[in-house]
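A closer look at the structure
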Number of protein chains: 2
Amino acid sequence: MAVNSPIPLAADIKPVAGIALGFAEAGIKKPNRKDLLVMALAPTATVAGVFTTNRFCAAPVQVCKAHLESLHMAAGPIRALVVNTGNANAGTGDAGLAAANATCAALAELLQCEPAQILPFSTGVILEPLPIERLVAGLPAAISNLKEDNWFAAAEAIMTTDTQPKAASSSVTINGIRVNMTGISKGAGMIKPNMATMLGYLALDAKVSQAVLDHLVKQAADKSFNCITIDGDTSTNDSFMLIATGASALEINDIDTPEYQALSETVIALAQKLAHMIIRDGEGATKFISIVVEQGRDVEECRKIAYSIAHSPLVKTAFFASDPNLGRILAAIGYAGVNDLDVSKLNMYLDDVWVAKNGGRNPDYREEDGQRVMQQSEITIRVILARGEASTTVWTCDLSHEYVSINADYRS
Amino acid sequence: MAVNSPIPLAADIKPVAGIALGFAEAGIKKPNRKDLLVMALAPTATVAGVFTTNRFCAAPVQVCKAHLESLHMAAGPIRALVVNTGNANAGTGDAGLAAANATCAALAELLQCEPAQILPFSTGVILEPLPIERLVAGLPAAISNLKEDNWFAAAEAIMTTDTQPKAASSSVTINGIRVNMTGISKGAGMIKPNMATMLGYLALDAKVSQAVLDHLVKQAADKSFNCITIDGDTSTNDSFMLIATGASALEINDIDTPEYQALSETVIALAQKLAHMIIRDGEGATKFISIVVEQGRDVEECRKIAYSIAHSPLVKTAFFASDPNLGRILAAIGYAGVNDLDVSKLNMYLDDVWVAKNGGRNPDYREEDGQRVMQQSEITIRVILARGEASTTVWTCDLSHEYVSINADYRS
């Protein structure tokens, strides 16, 4: 059960002109579940992505990067994205690269384009060979049901340990032209994106130049997927893709314009919504926790402290227990690696409750106030460093028995 | 139940001439348990310590550092150490410092020495006021039972969530003189020492100069307590103290001697044993895991990778489940922050099983071989980076339901 995040209504997830989605049950790991997704793009579409910084980056991520690179060398626009679940095709060496390339070749033949115009994605277990025959055999079925109105099914098709599909739509009117956008994401464990999230796709129907889209995808990732963590494990397959189909009349070629400002705000808000859905559906999550670190010297040190809190198993289990054992938060701040931090100036709040004052327990703090906030399902930890102007926010969840159960049983 | 680590026999824990130990039930947090320990030293003793790098370092740690500093300024030798459990006296601001100083003053009066000759230590919950009256009231009882043969009871007196006392003895004969040494340690959660462990005390009866002891305590900590982690949470109170009582005829004043070599090897081995006891009794631990990273460019990058594996909740839950989901180890290596790591040269073994070859799954790897090793209670992960001569070893445990239970319930 995701934290305060009901399953989206399929009717609320809107099509985006210029992108059609088709799925199949390819039996990649288990039978009778959607595990293959094809997203086919209009020839006017531009595509930009950010990918995991994990050195064991998966074979499909390597192929995606190469194909986006060749795109810049005018090999032709990206025509389709293909995603399989059930296998990450990571830690698979040369055989894995061959399998990712074979996926592109097979889909290119069906769509009558070049393999370099296909972007492949995989998610699932690492270190196991991709069953490429089953994947390729599933492609015709996926293509046969390509529809613009298939976003909800697409969100279902990319789920792994997710308990529910993650999808949202939004729109913004710029210069009198309505821009529609829809995004989907997946991920519930191995979530501490570093450049992107496990898998996220966001499409909009304006025409956006490649340079602008490259800028926007980084900006949106940095303010959404790059600010979440479930377990601190940066996956081998993280990818966040932004697609502008070019189907609407609006054209954006410059970031220094009010049009870009309006578009980017809407895209970032939608990306944040999708990122929050991942945390709300974090493996075993019972709490949605926002960690705000303020008045730091720079964003880097604010992020160090926020992630130190977010990754502490002791902090996370205290939240699971609704136990205001808040000294654990101070300990996590203290070992975050900000070596010249003067803790005697530090203040900490739990929602509206002032817990730590000038580095020690606030004399007015009462256990029952901490207890009251800890029992909520949504909690904000606010840490005030009092040494600068920088701030950041990171979103995370608690660590429960269910997390251990899920990850002790994942492959079985 | 600690992993392959039976409760030491009290008879195996030997006295060390020149140090007497006394305990009391001071009721600091709960009644009817040993929670106060005094260690009284011969006037010939030298003492050296290493302490947590946590910026929220506890009040007693700050006082210890100041007293060891004044020792160098010839304020007189350290005459006693005092340890309370049930309260960490951390995150307690000026009131906490006053309480730590009051502890020293009270004990100094009873022992007829200066407060600066006392070293105070605390362990327990953070952010709560130390009940100084109860602590001071317990001191006379602790002093009344000071005995050289009280090490086992002392190990019991410093336990918190530990399921069993941690103590070990050793000896080494140097120049025909037998040096006896005994150490105790505690800690089962909030364990990722950075300079030292939660609490560790090791005493020997040779006469060792302050400069040599300062060197040895760092060397021993770096090879033992600084190589263990349970949950990645560096505590506010970590302290490892090395005491040379000077009661035997052996005198060591130079590290460039065979005598120092013989002594340091024995001390390091004993410190490692005490550190391993902490991991074996890690909160909820069912497995003892050694992580060896070899052929790195420097120790720093080997440690980054070893800790990345050791802290991954996904790796730890897979070990708990005895599930050879070993791709999770590759993912943890990949996000460890060694940014120029060429994974195509990397090899990984699980005990004798060659799992990953040149960055991918070893074609000869069989799931049943991985399964066999995963079912053991002691497992070695060996990662070969093939880019240099440096190596390191880190010891950790798995992440079980019991860990979540213990830390969700710790204060209740």
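Residues numbered from 1 in each chain as written. Chains lettered and ligands numbered in written order. Predicted model: local features only at pLDDT ≥ 70, side-chain atom pairs only at ≥ 80, totals over all residues. Heavy atoms only, no water.

Comments concerning the pattern of salt bridges
Residues and elements named next belong to chain B. Keep this limit in mind: One speaks of a salt bridge when a side-chain nitrogen belonging to Lys or Arg is within 4 Å of a carboxyl oxygen belonging to Asp or Glu. By definition, any uninterrupted DSSP run of H or I lasting at least four residues is a helix, any uninterrupted run of E lasting at least two residues is a strand, and each is numbered from the N terminus. We call a residue buried when its accessible area falls under 20% of the maximum for its residue type, exposed when it is over 50%, and partly exposed in between, using a 1.4 Å probe and counting protein chains only.
A complete count under the given rule lists 24 salt bridges over all chains for this structure. Where D340 meets R297, a salt bridge forms, and the shortest distance between an N and an O atom there is 2.9 Å. In this pair, D340 is assigned in the loop between α9 (327-334) and β13 (347-350) and R297 in the loop between β12 (288-296) and α7 (299-311), connecting sequence segments 43 residues apart. A relative accessible area of 44% means that D340 is categorised as partly exposed. Across the pair R387 and E301 runs a salt bridge, and its minimum N-O distance is 2.8 Å.

So, the packing of helix α2 (residues 93-111) of chain A against helix α3 (residues 132-144) of chain A
Residue and element names in this part refer to chain A. Rule in force here: To get an axis, a line is fitted to the C-alpha atoms, and for a helix only the part in contact is used. The angle between two axes follows their N-to-C directions and goes from 0 to 180 degrees. Oblique is the label for any angle not covered by the other classes, which are roughly parallel (under 35 degrees), roughly antiparallel (over 145) and roughly perpendicular (65 to 115). Crossings are sorted by hand: turned counterclockwise from the far helix by less than a right angle, the near helix makes the crossing left-handed, and turned clockwise it makes it right-handed. Whether two residues are in contact is decided by their heavy atoms, any of which lying within 4.5 Å being enough. Note on residue categories: nonpolar means Ala, Val, Leu, Ile, Met, Phe, Trp, Tyr, Cys or Pro, charged means Asp, Glu, Lys or Arg, and polar means any other residue, Gly included.
It is at 10 Å that the axes of α2 and α3 come closest, and there the two elements cross at 25°. One element, α2, and the other, α3, form an angle in the roughly parallel class. The hand of the α2/α3 crossing is right-handed. Side by side, α2 and α3 meet where A99, A102, T103, A106, L107, L110 and L111 of the first sit next to I132, L135, V136, L139, P140 and I143 of the second. When grouped by side-chain class, the residues that make up the contact of α2 with α3 number 12 nonpolar, one polar and no charged.

Examining the nonpolar core
Let me state the cut-off plainly: Here the nonpolar core consists of buried residues drawn from Ala, Val, Leu, Ile, Met, Phe, Trp, Tyr and Cys, with membership extended through side-chain atoms lying within 4.5 Å.
One finds L263 of chain A together with L263, I333 and M348 of chain B to be the most contacted residues of the largest nonpolar core, which totals 248 residues. Not counting residues within four places of it along the chain, the set of residues in contact with L263 of chain B comprises V172, I174, V179, M181, L204, V208, L216 and I252 of chain B.

Some thoughts on the side chain of D398 of chain A
Residue and element names in this part refer to chain A. To be explicit about the condition: In protein, a polar contact means a hydrogen-donor-capable atom and an acceptor-capable atom, both N or O and within 3.5 Å, with residues adjacent in sequence counting only if both atoms are side-chain atoms; elsewhere, any N or O pair within 3.5 Å suffices.
With respect to the helices, strands and loops of the structure, D398 is situated in the loop between β18 (390-397) and α11 (401-409). One polar contact links D398 to T286, side chain to side chain, over a distance of 2.4 Å. Within the local environment of D398, its side chain forms a polar contact with the backbone nitrogen of K287, the two atoms lying 3.1 Å apart. Apart from the residues within four sequence positions on either side, D398 is in contact with G284, A285, T286, K287, I289, K316, F319 and F320.

A closer look at the interface of chain B and chain A
Size of an interface, as often reported, equals the accessible area lost when the parts are brought together. Cut-off, in case you're wondering: The term buried area means the drop in 1.4 Å probe accessible area that two parts suffer when joined, counted for both and summed.
Taken together, the 59 residues of chain B in the interface contact 59 residues of chain A. Across the interface of chain B and chain A, roughly 4,700 Å² is buried in total on both sides, 61% from carbon and sulfur atoms. Along the contact surface separating chain B from chain A lie 23 residue pairs in polar contact (both at pLDDT 80 or more). Counting only elements with at least two residues in the side of chain B that touches chain A, the list comes to α8 (313-320), α9, β15 (360-361) and α11 (401-409) of chain B.

Topic: unusual backbone geometry
Residue and element names in this part refer to chain A. For Q112, which is not glycine, the phi torsion reads 55° and is therefore positive. Relative to the helices and strands, Q112 is located in the loop between α2 and β5 (118-123). With a phi angle near 55°, S322 is a residue other than glycine that sits in the positive phi range. Among the secondary structure elements, S322 is positioned in the loop between α8 (313-320) and α9 (327-334). The buried category is assigned to S322, whose relative accessible area is 16%.

Structural notes on the sheet that holds β18 of chain A
All names here are of chain A. Spelled out, the test is: Only strands joined by at least two bridges in the DSSP assignment are considered to pair.
Overall, mixed pairing links the seven strands, which are arranged β10-β18-β13-β17-β14-β15-β16 in an open sheet. Only two strands of the sheet have a single partner each, and these edge strands are β10 (228-229) and β16 (360-361). The pairing of strand β14 (residues 347-350) with strand β15 (residues 353-357) spans three bridges and is classified as antiparallel. Paired with Y349 across the two strands is W354, which belongs to β15. With respect to the sheet, helix α7 (residues 299-311) is in contact with β10, β13 (288-296), β17 (378-384) and β18, its orientation differing from that of β18 by roughly 20°.

Brief notes about the domain arrangement of chain A
Residues and elements named next belong to chain A. Inclusion rule: Domain start and stop points were drawn from an automatic or database domain assignment.
Each assigned domain of chain A is listed with its residue range as follows: domain 1 (10-280) and domain 2 (288-409). Placing a centre on the C-alpha atoms of domain 1 and another on those of domain 2 gives a separation of 33 Å. Contacts between domain 1 and domain 2 engage 15 residues on the former and 14 residues on the latter. Roughly 1,200 Å² of surface becomes buried between domain 1 and domain 2 when both sides are summed, with 60% attributable to carbon and sulfur atoms. Ranking the residues of domain 1 by area buried against domain 2 places C227, T229 and R280 at the top, with a combined share of 37%. The closest approach of N and O atoms between E378 and R280, which form a salt bridge, is 2.4 Å. The set of elements that each furnish at least two residues to the side of domain 1 that touches domain 2 consists of β10 and α6 (258-280). The element best represented in the side of domain 1 that touches domain 2 is α6, accounting for four residues. Looking at the side of domain 1 that touches domain 2, its residues break down into four nonpolar, seven polar and four charged.

As for the pairing of β17 of chain A
Residue and element names in this part refer to chain A. Two strands pair when backbone bridges link them, and β13 and β17 are joined in this way by seven bridges, in the parallel orientation. Note that in β17 the partner of V292 across the bridge is R382. Of the pairings in the sheet, the one linking β14 to β17 comprises four bridges and is antiparallel in character. Within β17, the position partnered with N347 by the bridge is I384.

Remarks on the packing of aromatic side chains
The criterion, for reference: Centres within 6.5 Å are what make two rings of Phe, Tyr or Trp a pair, Trp counting through its six-membered ring; a difference in plane orientation under 30 degrees is then read as stacked, over 60 as edge-to-face, and the rest as tilted. A ring is scored as having a charge over it whenever the NZ atom of a lysine or the CZ atom of an arginine sits within 6 Å of its centre and within 35 degrees of its normal.
By the definition in use, this model includes six aromatic pairs over all chains. When the ring of F225 of chain A is compared with that of F240 of chain A, the centres are 4.8 Å apart and the planes differ by 55°; the resulting orientation is tilted. Here F240 of chain A lies in strand β11 (residues 239-244) and F225 of chain A lies in the loop between α5 (210-222) and β10, a separation of 15 residues in the sequence. Pair check on accessibility: F225 of chain A and F240 of chain A agree, each one buried. Above the face of the W354 of chain B ring, K357 of chain B is positioned so that its terminal group lies 4.9 Å from the ring centre.

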